[in-house]
Amino acid sequence: MAKAEKAEKAVNQGEHREVRAEVPAGPAGGADGVWSGDWVAERLGVELVGDEGLTGLLGLALRRNPKRAHLLVSNVLGKHVPQSPSVVYGYGWELGRRVRELLGDDEARRAVVLGYAETATGLGHCVADGLGLAPCLHSTRRPVAGLDPAGGFEESHSHATSHLLLPEDPTLLAGDGPLVLVDDEFSTGNTVLNTVRDLHGRYPRRRYVVVALVDMRSAADAGRLAEFAEEIGARVDLVTAASGTVQLPEGVLEKGQELVARYEAESAGEGSSAGAAPSWPVAQFPAPPNSGVALAADQEADPLGARGTARTAPTGPHPDDDGTAPHATRIDLHWPANLPDGARHGFTPAHRARLEAALPAMAARIAEALPHNARRVHILGFEELMYAPLRLARELERDTDLEVRYSTTTRSPVLAVDDPGYAIRTRLAFPAHDDPADGPGERYAYNVAGAGFDAVVVVVDSAADTPALHAPGGLLARLAAHTPEVLLAVVPSYAPERPRMLPEPLRGPDFSSYAPEEVGWLLQDLSEVTLEAPTEEREEAIQSGGAHYAESLPVEYQPSEQYQQLFHAALADSAARIAQAVGVVTETVLAERSPRPVLVSLARAGTPVGILMRRWAQHRHGLELPHYAVSIVRGRGIDANALRWLAEHHDPRDVVFVDGWTGKGAITRELAQALEEFEKSDGIAGFSPEIAVLADPGSCVRTYGTREDFLIPSACLNSTVSGLISRTVLRADLVGPHDFHGAKFYRELAPTDVSVAFLDAVSARFPEVADAAGAQAKELLAADRSPTWEGWAAVERISEEYGIHDVNLVKPGVGETTRVMLRRVPWKVLARAGAGSDLDHVRLLAGQRGVPVEEVEKLPYTCVGLIHPKFTRGATGADGKAVAL
């Protein structure tokens, strides 16, 4: 079995693999070789069992949480424990490198990294840096007005559970590349499973990679990830730095709660005696030698009841009786314009490159602002804002001889105990200062007070630079009591680009040769952009995976005089038959779908049919139906912005999607999936996935004019029978997240344009077929029209019989075969034995391109076009020569 086939089989079977990253051993977890989990272990009987060095990575503490009293405190995360920024960054970066080795560069380029708020936002960024090729997003608890979530999930054991996913680009999570989920610890697996359940329902993909500093699952939880991978049919890998388990004796939760309650009661009594509200104690650190820190002789009663705090000798203004707050020196970082402050709304490799270029100058500005005698400096980040402060701290550490430490503030309430065997030695509590959506509350900075820092540089985003930050009792005031110098650096909060008001539809004669009332194009005009590429180059790029077919356009086929004569002859022969099919499908829509439908044709093959249906409704019923054309792209869905425009201007329940014909039903399935995803992402319901088509030879839809596979002349040509409009284009550098898909208007082809002539020839036959169409529509309305998907089954059979093994390279029906001849590199044509004039134009094109036409008995379609499998420009046709136009 080939390597690719083995990988595909593994993916389909839901393979699960666990990988250990090669990262440095963890630092010592406590003072004088004492493990910073001893205090909890001795009192509650909690044990940490696992890899050598696990206790260097983790300590233990207690917290206010009814679900889990103990807290694993990471020494290398940069959240609760001040740590060298190089150590913090190094762990995340090495994990990212391991993920890249696991995926390979091709898969890594298609990946998206997702970090968890608030604890793993910085870690997720660092993993993305190590991966090097992928964008990063982190969940957030900060909603943005007007920005709809692309997903959300619950973190069941956390004190604050709701996570939002708010990418600026809604397509960020919509790809099918690997999703790399990053958290600080992997304990029960609930958070990851909740995330994957939510996202897999919206954006299914074949591979997930879970990344964590430590794998701390219990034996009971160890098998859940593999079971889940098998359940959803995706591959799930796990990459960690270390693993182990937390052994909890019976009744540990109750014992932990009792211990916390006892400390609360003691601190409440002490705090009350000082006239302050009860809270947990802030413990004392011994001052490091020559740190310049002096302990206050008196006991300070802080506004939250903390006592016995290690204080520094004051060097500047401090809170006074008059309520004034201490001064913090501001540092203007000159943060690059429009550079996101983090991955709350997405952070791309291009953003990373801009940040890397700006970091040295920003770190230099911090160094210049520090006191000249500062030797030990702390960079304090802010809740979800972990990555920007970390990178600034690491740059400062690399470019100076300062001893730099890094951590961030947090929402998580943790008990502080002044003991070297406990992970949280001191705690500063202060009011929230970013106007949080869930209301005011306490926030915390751990292990900063009394740690002997000569200066603390607070890094917040501008949303958090509020009066509450600077007020007496605020974070800056609390820090000023414990360090000689407080500095403040503010990073501009990144505001996602607000969706622009979508433009009005394009109309002829400025865009297309159709009359303005016939159709409005929900597209953007890319006429001035060169998008055409030679057919062979496009085919090779598409089949190699290097490009998507919608990223370029084929060179427009210029029909010969003989071919044009065939078109006009076919139109004369089939106009009445087409007119009757138009009448049947229109009458069916009016009777069954909506009395005043909004016709929305799938550009571009559906557009002439939509115009004819509109003309029929006008001719037969006096109705002026709205008609628009929108883009749908196989593998990428329908234009969501076009749907948003339609929902703003019409009732989605009245919208009827129109196409020319069905082949094997790929677009039918694409539309159904795209509308389901759109309803989940935008919350807009009512669009029906049922397509109305002129011809349904594939038996893929319920609403059709005929199920015969015959020549529809509009399939014979490209833009010159479709209003001079190209195929639609979807390319990231041309179509932004708030743009319609694009297309070109080939004005220069006007001399050979037959678009209106085709419409007029068909609609001229309406009077003579009106009665027959009405009668046939009544028969169909009373009949069972359920799709049988015979076409899809036939295509699968042909794909295997001819050794193609890819249904996308088999194009059934006269219309699809014609497209193969005009736009792709054809291999051969299968024609039903005895097929007559419907195939005259196909035979002519096949002769011009040197493509064999093979007659087949009992073919379910009139003909089937086969695209050259595994095409390269050295590929040969049946005659041994390279196929060419």
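Preceding this section is the structure that the text describes.
Novice: Even after reading the chapter, I still don't get the overall build of the chain, so can you show me in this structure?
Specialist: Check the secondary structure of the chain and you find 23 helices and 33 strands. Here the analysis covers contacts within the chain between residues at least 6 apart in sequence; of these, 77% occur between residues at least 24 apart. Accessible surface computed for the chain: about 33,800 Å², of which carbon and sulfur atoms make up 50%.

Novice: Mind showing me how you'd approach the sheet that holds strand S33 (residues 863-867) here?
Specialist: Ordered by their spatial adjacency, four strands build an open sheet running S30-S33-S31-S32, and the pairing between neighbours is mixed. On the outer flanks of this sheet lie strand S30 (810-812) and strand S32 (853-856), each paired with one strand and no other. Pairwise comparison of adjacent strand axes, ignoring direction, gives a mean angle of 20 degrees for this sheet. Of the strands in this sheet, S30, strand S31 (826-832) and S33 are in contact with helix H21 (residues 790-801), which crosses S30 at around 140 degrees.

Novice: Just checking my understanding: could you explain the pattern of salt bridges for this structure?
Specialist: Close approach of charged atoms allows side chains with opposite charge to pair. On inspection of all chains with the given rule, the structure shows 42 salt bridges. We note a salt bridge from Arg411 to Glu383, for which the minimum N-O separation is 3.4 Å. Within this pair, whereas Arg411 is found in the loop between strand S14 (403-409) and strand S15 (427-431), its partner Glu383 is found in the loop between strand S13 (376-382) and helix H11 (387-399), the two being separated by 28 residues in sequence. The exposure classification of Arg411 matches that of Glu383, with both residues buried. With a closest N to O distance of 3.8 Å, Lys828 and Glu854 form a salt bridge. Within this pair, whereas Lys828 is found in strand S31, its partner Glu854 is found in strand S32, the two being separated by 26 residues in sequence. With a relative accessible area of 30%, Glu854 lands in the partly exposed category. Each of Asp129, Arg352, Glu356 and Arg391 takes part in one network of salt bridges that share partners.

Novice: Explanation requested: helix H7 (residues 190-202) in the structure shown.
Specialist: Residues spaced three or four apart along an α-helix face the same direction, because each turn holds 3.6 residues. Under the 1.5 Å per step criterion, the end-to-end length of H7 is 19 Å for 13 residues, consistent within 8% with the ideal 18 Å. Those residues of H7 that sit buried are Thr191, Val192, Leu193, Thr195, Val196, Asp198, Leu199, His200 and Arg202.

Novice: Please clarify how the sheet that holds strand S17 (residues 455-461) should be interpreted in this entry.
Specialist: Two modes of strand pairing occur in sheets, parallel and antiparallel, and in both the strands are linked by backbone hydrogen bonds. What the five strands build is an open sheet, ordered S12-S18-S17-S13-S14; its pairing is parallel. The open sheet has two edge strands, strand S12 (329-331) and S14, and neither has a second partner. On average, adjacent strands in this sheet sit at an angle of 25 degrees to one another, irrespective of strand direction. Sheet topology note: the S17/strand S18 (residues 486-491) ladder contains six bridges and is parallel. From the neighbouring strand, Val457 faces S18, where its bridge partner is Leu487. Strands S13, S14 and S17 of the sheet are contacted by H11, whose axis makes an angle of about 175 degrees with S14.

Novice: So what exactly am I meant to see when it comes to the side chain of Ser139 here?
Specialist: Topologically, Ser139 is positioned in the loop between strand S6 (136-138) and strand S7 (151-154). Here the side chain of Ser139 touches Ala117 through a polar contact of 2.9 Å, landing on its backbone nitrogen.

Novice: I would appreciate a short explanation of unusual backbone geometry in the present structure.
Specialist: Excluding glycine, a negative phi dihedral is what most residues carry, and trans is how most peptide bonds are arranged. Between Ala117 and the following residue, Glu118, the backbone shows a cis peptide bond with an omega angle of -5 degrees. Here Gly508 and Pro509 are connected by a cis peptide whose omega angle stands at 5 degrees. Structurally, Pro509 is set in the loop between S18 and strand S19 (520-521). Within the chain, His334 stands out as a residue other than glycine whose phi angle is a positive 55 degrees. Here His334 shows up in the loop between S12 and helix H10 (349-369).

Novice: What's the story with the nonpolar core in this structure? I'm lost.
Specialist: Proteins that are soluble and globular tend to have nonpolar side chains buried together. Membership of the largest hydrophobic core comes to 140 residues, with the highest contact counts inside it found for Val180 and Tyr422. With residues up to four places along the chain from it excluded, the contact list for Val180 reads Val99, Leu103, Ala111, Val112, Val113, Leu114, Val127, Leu131, Val209 and Val211. Val598, Ala605, Val609 and Ala743 belong to the second-largest nonpolar core, a separate cluster that totals 102 residues.

Novice: Is there a simple way to think about the environment of Ala41 in this case?
Specialist: You can see Ala41 is positioned in helix H2 (residues 38-44). For Ala41, a relative accessible area of 18% corresponds to the buried category. Ignoring any residue separated from it by four or fewer positions in sequence, one finds Ala41 in contact with Trp35 and Val46.

Novice: Please clarify how the pairing of strand S23 (residues 598-603) should be interpreted in this entry.
Specialist: A regular strand places its side chains so that they alternate between the two faces of the sheet. In terms of burial, S23 is a largely internal element, six of the six residues being buried. Every second residue of S23 is oriented toward a common face, with Val598, Val600 and Leu602 on one face and Leu599, Ser601 and Ala603 on the other, all of them buried. Looking at chain direction, S23 and strand S26 (residues 655-661) are connected through four bridges and run parallel. Within the sheet, the bridge partner assigned to Ser601 lies in S26 and is Val658. In this sheet, strand S24 (residues 627-633) lies alongside S23 in parallel orientation, the contact comprising five bridges. Residue pairing in the sheet places Val600 in a bridge with Tyr628 of S24.

Novice: For this particular structure, what's the right way to read the pairing of strand S3 (residues 58-62)?
Specialist: Counting buried positions along S3 gives five out of five residues, so the element sits mostly inside the fold. A two-sided burial pattern is seen for S3, the buried positions comprising Leu58, Leu60 and Leu62 on one face and Gly59 and Ala61 on the other. Bridge count for S3 against strand S4 (residues 70-74) is five bridges, and the pairing is antiparallel. Bridge pairing links Leu60 to Leu72 in S4.

Novice: I keep staring at the packing of aromatic side chains and nothing clicks. Help me out?
Specialist: Given two aromatic rings, their pairing is described by the distance between the two centres and the angle made by the two planes. For the structure on display, the rule yields ten aromatic pairs. Seen from their ring centres, Tyr514 and Trp521 are 6.4 Å apart, and the 10 degrees between their planes marks the pair as stacked. The burial state of Tyr514 is the same as that of Trp521; both residues are buried. Taking the centre distance of 6.2 Å and the plane angle of 65 degrees together, the rings of Phe678 and Phe687 count as edge-to-face. Exposure remark for Phe687: the relative accessible area of 10% places this residue in the buried category.

What counts and what doesn't
- Residues numbered from 1 in each chain as written.
- Predicted model: local features only at pLDDT ≥ 70, side-chain atom pairs only at ≥ 80, totals over all residues.
- Heavy atoms only, no water.
- Helix = DSSP H or I, 4+ residues; strand = E, 2+ residues; numbered from the N terminus.
- Contact = heavy atoms within 4.5 Å.
- Areas by Shrake-Rupley, 256 points an atom, 1.4 Å probe, with all protein chains shown as cover.
- Pairing = 2+ DSSP bridges.
- Axes fitted to C-alpha atoms, helices over the stretch in contact; angles between N-to-C directions.
- Salt bridge = Lys/Arg side-chain N within 4 Å of Asp/Glu carboxyl O.
- Buried < 20%, exposed > 50% of the residue type's maximum accessible area, 1.4 Å probe, protein only.
- Expected span 1.5 Å × (residues − 1).
- Polar contact = N/O pair within 3.5 Å; in protein donor to acceptor, adjacent residues only side chain to side chain.
- Core = buried A, V, L, I, M, F, W, Y, C linked by side-chain atoms within 4.5 Å.
- Phe/Tyr/Trp six-rings, centres within 6.5 Å; stacked < 30°, edge-to-face > 60°.

Keep in mind these numbers describe shape, not what the thing actually does.
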